[in-house]
Each structure stands twice: as C-alpha cells, then as structure tokens.
Amino acid sequence: MKKLGLLPKVLIAIILGILIGSVSPEPVIQAFATYSGLFGNFLGFAIPLIIIGFIAPGIGELGKGAGKLLGLTTAVAYGSTIIAGTISYMVSAGLFPQLLEVGGLTKSFANPEDALIQPFFTVDMPPVMGVMTALLLAFTLGLGASVVKGDSLQRVMVDLREIVEKMISSIIIPLLPFHILSVFANLTFGGQVKTILAVFAKVFVIIIVMHLAYLVIQYLVAGQLGRKNPFVLLKNMLPAYFTAIGTQSSAATIPVTLRQTKQNKVTDKIADFVIPLCATIHLSGSTITLVACSMAVMMLNGMSTSFATMFPFILMLGITMVAAPGVPGGAVMAALGLLESMLGFSTTLTSLMIALYIAQDSFGTACNVTGDGAIAVITDRLSKPSTT
C-alpha cells in the first residue's frame, strides 16, 4: 500500500467504503463514523494553521509584489466564479423547463445528514481561529513581513510552514484514505441520499457535466496562457479531484491540491500562496451547483428564474461564500441568507436546498479544488514580470 500513489488509495477507499456500507451492521458503521468524526475535527483544527502557514510566508517571500499578486489572484478567482455561475444559469434556463414539471414540487425531503450514523463519541478540537480570521491574519503578517526591514518575522513564518508541511506529510496524507473510506461507508449505509438523487438524477447529471466542462474550459485557458498541455495539467490534478470527492472540503484537500499543482511546474512561491487562498475564495463548482439547484427548486415552485433575478444573486454569491467555505456544506450555509433575501426562499425551500446541495457536495468541491490548479497556472503566468 505504501508504494501506491494517493489517487489509487483514494479510489480503493471509495470502493471499499461503498462495499462496507452495503453489508456491515450499524456498530461497524458507527466505529467508522467515530474515526471520521475525530479525523474531521482534527482537520478543522489544522485548517487555520495551513492557511497561515502557507499564505503568510508566501506573501512575505514575494516582497513588494505581494499586494499585486493578492489582487491579481482574487480578481482571477472571482471572475472564474462569476463566469461559472452565468454558464450554470444559461444551461439551466435552457434545459430544466424540458426536464422538470414547472410548479410540480409537492413532496418535501428530509436532510440527508439526518440519515447518517452518529459516532460513539466525539472529541472537540476547536481551531484557534476561524477561516476568515486566519486569512486576514495571514494577509496582515505576510504583507507586513514584505515591507519591514528586518527578517525575524519572515523566519518565524517559514519555520511555521515547515511544521505545517510535516504535519501534512506525516499525519494528514497517510490517514486521509481511511477518512474517505469512513465517509463513503456512512453515506452508503444511510441510504437517504439515494432517494434524493433518484428524484433529481437528471438535474445532478447536468450539474456534474457542467462541472467537468467548466474544468476543461479553465485548463484550456490555463494551458494557452501557461504554454502547457491543458490535458496533462488536468490529468495531474486528478488526485485532488478524487480526494475532494471524499473529504467534501476545499480546505481539507489543500495538501493534495498544493502537491499536484507543483507537479504542474507552478512556481513554489505562487503555488504556496494561490492554492490556500483559492480554497477560500474560488468556488466555481459550488456556484454552478447552487445556481442550478436553486433554479430547479424555483421552477418546481413556479417562481421566476429570469436573468434579472439570478445575475445579482450570482454576483453576491461569489462574495458571500468567501465567509464560510472549507467545510462540507459550507457554501450552501453561507448562501442561505442570499436565497432568502434575494430569491425569496421560504424555510421549507431552504431546507430542500440544503438537502439537494449536500447530496452532491462532493462533486462541487472537487470542481472547486481542481479549478484552483488552473487559477494557479494562470496567476503564475500573469505574475511573471512582477515576481522575477
């Protein structure tokens, strides 16, 4: 097993998880749920450290060009998210009326999370700070280190990065496949997700096709700008894609995304800065999913889905989701306020949205993190004059 790469291990974990979830009694699944809960809590604790450990020294090492790189990366990531949402709207507006019975939603769905087996026990591992606090602190420390004359702060941040890298390579990566196995065993045992997927199967198929098509578009652009083969770039990012399917978390997949991005010959400084940042601000896959699912729910309830209604929602979605990404279902939780205030969703409809989103959250997250690799290639190319 040690000789296997991460991608084969993740694929084996997914298959074993489905098999175990299909035949095992509840106590066995509960044991897996306990492990998954402990590992997930540890990941939650580690995420702010990963963000600070990579972004802060990365900004400091970039020197005077750090501010420009931050602005460039943010602009590229936000633009990608908005384009993804607009494409999702256009495809959904064209196809859904032929697939769905407009105004025909009469059945309510329970949240699929309620069907999952709970662990025997949990151990709280609260992070030292929230994701946004870590992000802002990383910006402040990194930009500060890039302008002050001394290098003491920068040396401390570099040491922190080495500690975080050791934690990732020695703990997170080796244990990650077992976490993915546990998640899939629980999902398979719960079974309730299958019911929702059966009802919205056509919608989900369209969403996943949009995810894959948008990834191809992103890497065609990245390959053109970076003067690299786009399909080789995309192939190298497959371990991150499949890892994200298992973790349902952009932030938890950062170690894998970072490693695969460096395999695509992105400058180490750029990769260390862009990947943790984009795990927080680049949510193109989640945007595709949220726009399509919200339009499906609205059509089934006879609500207006005009471009004038949806485009302001897409613009705000790109900003609002920054506040709560990185955890399973984080995007839809951050979007609830917009769904209620901008699209007029009731409590019942927001509950349905949560159920629909969580049922396929893995694929949106996989699109997010895989697209981060394309953003890194683009940023690396566009920033060359200011960082060399």
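Residues numbered from 1 in each chain as written. Predicted model: local features only at pLDDT ≥ 70, side-chain atom pairs only at ≥ 80, totals over all residues. Heavy atoms only, no water.

Under an unreviewed UniProt entry, the name given to the protein is Dicarboxylate/amino acid:cation symporter, and the source organism is Brevibacillus ruminantium. Recorded under Subcellular location (unreviewed entry), the UniProt text for the protein is reproduced unchanged: "Membrane". (UniProt positions renumbered as here; feature names shortened; annotations may be inferred.)

### Some words on the overall build of the protein
Of regular secondary structure, the protein possesses 17 helices and zero strands. In the protein, buried positions account for 53% of the 388 residues. Here the contacts in the protein between residues at least 6 apart in sequence split such that 86% fall between residues at least 24 apart. As presented, the protein carries roughly 16000 Å² of accessible surface, and 67% of it is formed by carbon and sulfur atoms. (Helix = DSSP H or I, 4+ residues; strand = E, 2+ residues; numbered from the N terminus. Buried < 20%, exposed > 50% of the residue type's maximum accessible area, 1.4 Å probe, protein only. Contact = heavy atoms within 4.5 Å. Areas by Shrake-Rupley, 256 points an atom, 1.4 Å probe, with all protein chains shown as cover.)

### Focus: helix α9 (residues 238–247)
Judged by how many residues are buried, α9 sits mostly within the fold: eight of 10 residues are covered. Within the span of α9, buried status applies to Pro-239, Ala-240, Tyr-241, Thr-243, Ala-244, Ile-245, Gly-246 and Thr-247. Gln-248 lies just past α9 and shows a positive phi near 55°.

### Here we look at the confidence of the model for the protein
Should the pLDDT be low somewhere, the predicted coordinates at that spot are not to be read in detail. When pLDDT is averaged across the protein, the result is 82; 85% of the residues are at 70 or more. Taken element by element, the protein is modelled with least confidence in helix α6 (residues 192–199), mean pLDDT 55, and with most confidence in helix α8 (residues 230–236), mean pLDDT 93. Across residues 106–112 the pLDDT falls below 50, and counting only partners more than four positions away or on other chains, this stretch makes 17 contacts in the model. (pLDDT = per-residue confidence, 0-100.)

### Some words on the packing of helix α7 (residues 201–226) against helix α12 (residues 284–300)
At a minimum axis distance of 10 Å, the contact between α7 and α12 shows a crossing angle of 150°. With respect to their mutual orientation, α7 and α12 come out roughly antiparallel. Like other packed secondary-structure pairs, α7 and α12 cross with a definite hand, here right-handed. Between α7, through Val-203, Phe-204, Ile-207, Met-210, His-211, Tyr-214 and Gln-218, and α12, the contact on the second element is made entirely by Ser-284, Gly-285, Ile-288, Thr-289, Ala-292, Cys-293 and Ala-296. For the contact of α7 with α12, the class distribution of residues is nine nonpolar, five polar and no charged. (Axes fitted to C-alpha atoms, helices over the stretch in contact; angles between N-to-C directions. Parallel < 35°, antiparallel > 145°, perpendicular 65-115°, else oblique. Left-handed = near helix turned anticlockwise from the far one by under 90°. Nonpolar A, V, L, I, M, F, W, Y, C, P; charged D, E, K, R; others polar.)

### Description of the nonpolar core
One finds Ile-50, Ile-55, Ile-172, Phe-273 and Leu-277 to be the most contacted residues of the largest nonpolar core, which totals 68 residues. Examining the composition of this core, we find that 12 residues originate from one element, helix α2 (residues 26–62), more than from any other. Ranked by size, the runner-up nonpolar core spans 43 residues in total, among them Phe-96, Phe-204, Phe-345 and Leu-349. (Core = buried A, V, L, I, M, F, W, Y, C linked by side-chain atoms within 4.5 Å.)

### Here's the deal with unusual backbone geometry
Even without glycine at this site, Arg-227 takes up a positive phi of about 55°. Notably, Lys-265 is not glycine yet its phi reads approximately 65°, a positive angle.

### Some remarks on the pattern of salt bridges
Scanning the entire structure with this criterion turns up three salt bridges. Between Arg-161 and Asp-272 there is a salt bridge, with the nearest N and O atoms lying 3.7 Å from each other. Linking Arg-161 in helix α5 (residues 152–190) with Asp-272 in helix α11 (residues 268–281), this pair joins segments that are 111 residues apart in sequence. Accessibility expressed as a relative area gives 10% for Arg-161, which makes it buried. Two residues, Asp-272 and Lys-262, come together in a salt bridge whose shortest N-O distance is 2.9 Å. Taken together, the residues Asp-272 in helix α11 and Lys-262 in helix α10 (residues 254–263) connect sequence positions 10 residues apart. (Salt bridge = Lys/Arg side-chain N within 4 Å of Asp/Glu carboxyl O.)

### Considerations on the packing of aromatic side chains
Summed over the entire model, instances satisfying the criterion amount to five aromatic pairs. Centre to centre, the rings of Phe-307 and Phe-311 are 5.0 Å apart; their planes meet at 20°, and the pair counts as stacked. Within this pair, Phe-307 and its partner Phe-311 are both found in helix α13 (residues 307–320), separated by four residues, close to a single helical turn. Among the residues examined, Phe-307 registers a relative accessible area of 40% and is labelled partly exposed. The exposure class assigned to Phe-311 is partly exposed, which follows from its relative accessible area of 25%. Site record: aromatic cluster; members linked through ring pairs are Tyr-89, Phe-307 and Phe-311. (Phe/Tyr/Trp six-rings, centres within 6.5 Å; stacked < 30°, edge-to-face > 60°.)

### Section: the UniProt feature "transmembrane region" (unreviewed entry) in the protein
Residues given the UniProt feature "transmembrane region" (unreviewed entry) here are residues 35–57, 69–91, 128–148, 168–189, 195–217, 273–300, 307–327 and 333–358. Annotated as 100% helix and 0% strand, the span residues 35–57 places its first and last C-alpha atoms 33 Å apart. Annotation note: span residues 168–189, helix share 100%, strand share 0%, distance between end C-alpha atoms 30 Å.

### Quick word on α10
In terms of burial, α10 is largely enclosed, as seven of its 10 residues are buried. Where α10 is concerned, the buried positions are Ile-254, Pro-255, Val-256, Thr-257, Leu-258, Gln-260 and Thr-261. Immediately beyond the C-terminal end of α10, within one or two residues, lies Lys-265, with a positive phi of roughly 65°.

### A look at the packing of α7 against helix α16 (residues 361–382)
Running from amino to carboxyl end, α7 crosses α16 at an angle of 10°, the nearest separation of the two axes being 9 Å. For the element pair α7 / α16, the angle class is roughly parallel. Facing α7, whose interface residues are Ile-208, His-211, Leu-215, Gln-218, Tyr-219, Val-221, Ala-222, Leu-225 and Gly-226, α16 presents Phe-363, Gly-364, Cys-367, Thr-370, Gly-371, Gly-373, Ala-374, Val-377, Ile-378 and Arg-381. Here the contact of α7 with α16 is built from residues that sort into 11 nonpolar, seven polar and one charged.

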